[in-house]
Amino acid sequence: TGNFQFSALLHKKTPEGIFPLRSIGLQNITYSYPGAAKNALDNISLSIPVGSRVAFVGPTGSGKTTAANVLLSLLTPQRGELLLDGIPVLDDEITSWHLCCAQVPQSIHLLSDSIISNVAFGVRSSDVDEDRVWDALEAAQLDVLVSDLPYGLHTPIGDNGISLSGGQRQRLALARAFYRSAKFLILDEATSALDNKTESEVIQSLEIIGRRCTTLVIAHRLSTIQKCDRIYEFDAGEIVASGNFDELKDMSPSFRQMINLQSFINH
């Protein structure tokens, strides 16, 4: 009971969600998928300051996405806790936490409908706030494009957004997250299938929104993570190093190897 009362003092609870004021963290998390011989996460701890931008890097299968799903409370660990402002999230707070979160995956699924229906996804048409839709599109750098379309917000985008380019589809997914006023945004390899120019445009969208939300980027491309405040390097379900880009480059041989490999590929 004391835990709940203290939690309520730190968390900002509203009908729209539960908002951490200081940090989002994991404490001593161990997670194993059913039937797996090894833990996907092995006693990891981390803390993400509210308003910061952090990144998870590491080879495929290192635990990055699993850790992200525990942060989203989509997976329940066998041991350890999800913390908001240093306080464990209670079972009856999970739904409120979900209202605060948004995820943009590598593979985007859009409605075969209009721009406005995709941005205000899940909201009844009578309840959609068009001003907020335009604000979300502006934050995602799509407002100019949409205003030039024949029917503006009501322009259909075709089956799963077939009339849009890859970068435009990603930015529409970002606009959806911004419309929800998501306070915790996860980009899970969301730019890996884009060319460098389009990826740069998507990252610029994040620069424009500034610190209105806490952002976690899961990526292989170093250009995506260079401006992150902190980078966590995963390997075999553990966090093997953390720091900003330059600090990791100095302290982690495997991170330097990643840099060298990408430099070789780019040239």
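Just above, that's the structure.
Residues numbered from 1 in each chain as written. Predicted model: local features only at pLDDT ≥ 70, side-chain atom pairs only at ≥ 80, totals over all residues. Heavy atoms only, no water.

On to the pairing of strand β10 (residues 214-218), then. Taking burial as the measure, the 5 residues of β10 include 5 buried ones, the bulk of the element. Of the two faces of β10, both are covered, the one formed by T214, L216 and I218 as well as the one formed by T215 and V217. In this structure, strand β5 (residues 53-57) lies alongside β10, joined through 4 bridges in parallel fashion. Paired with V54 across the bridge in β10 is L216. Here strand β9 (residues 184-188) pairs with β10 via 5 bridges, running parallel. In the strand pairing of β10, L187 is matched with V217. (Buried < 20%, exposed > 50% of the residue type's maximum accessible area, 1.4 Å probe, protein only. Helix = DSSP H or I, 4+ residues; strand = E, 2+ residues; numbered from the N terminus. Pairing = 2+ DSSP bridges.)

Turning next to the packing of aromatic side chains. Centre distance and the angle of the planes are the two values used to describe a pair of aromatic rings. Under the definition given, this model contains 5 aromatic pairs. Note on F56 and Y232: the rings are 6.0 Å apart at their centroids and 85° apart in plane angle, and the pair reads as edge-to-face. In this pair, F56 is assigned in strand β5 and Y232 in strand β11 (residues 230-235), connecting sequence segments 176 residues apart. The buried category is assigned to Y232, whose relative accessible area is 6%. Here the aromatic rings of F245 and F255 are separated by 5.4 Å at their centres, their planes lie at 75°, and the arrangement is edge-to-face. One end of the pair, F245, is in helix α10 (residues 245-251); the other, F255, is in helix α11 (residues 253-266), with 10 residues separating them in the sequence. Like F255, F245 is buried. Of note, R132 hangs over the ring of Y179, and the distance from its end group to the ring centre comes to 4.3 Å. (Phe/Tyr/Trp six-rings, centres within 6.5 Å; stacked < 30°, edge-to-face > 60°. Lys NZ or Arg CZ within 6 Å of the ring centre and 35° of its normal.)

Okay, the sheet that holds strand β3 (residues 23-31) next. Spatially, β4-β3-β6-β7 is the arrangement adopted by the 4 strands of the open sheet, whose pairing is antiparallel. Each edge of the open sheet carries a strand with a single partner, namely β4 (41-49) and β7 (87-88). In terms of strand pairing, β3 meets strand β6 (residues 79-84) through 5 bridges, oriented antiparallel. Pairing of L26 across the sheet is with L82, part of β6. Sheet strands touched by helix α2 (residues 64-71): β3, β4 and β6. Its angle to β3, the strand with the most contacts, is close to 120°. (Contact = heavy atoms within 4.5 Å. Axes fitted to C-alpha atoms, helices over the stretch in contact; angles between N-to-C directions.)

Note that every value here comes from positions in space, so none of it alone points to a role or purpose.
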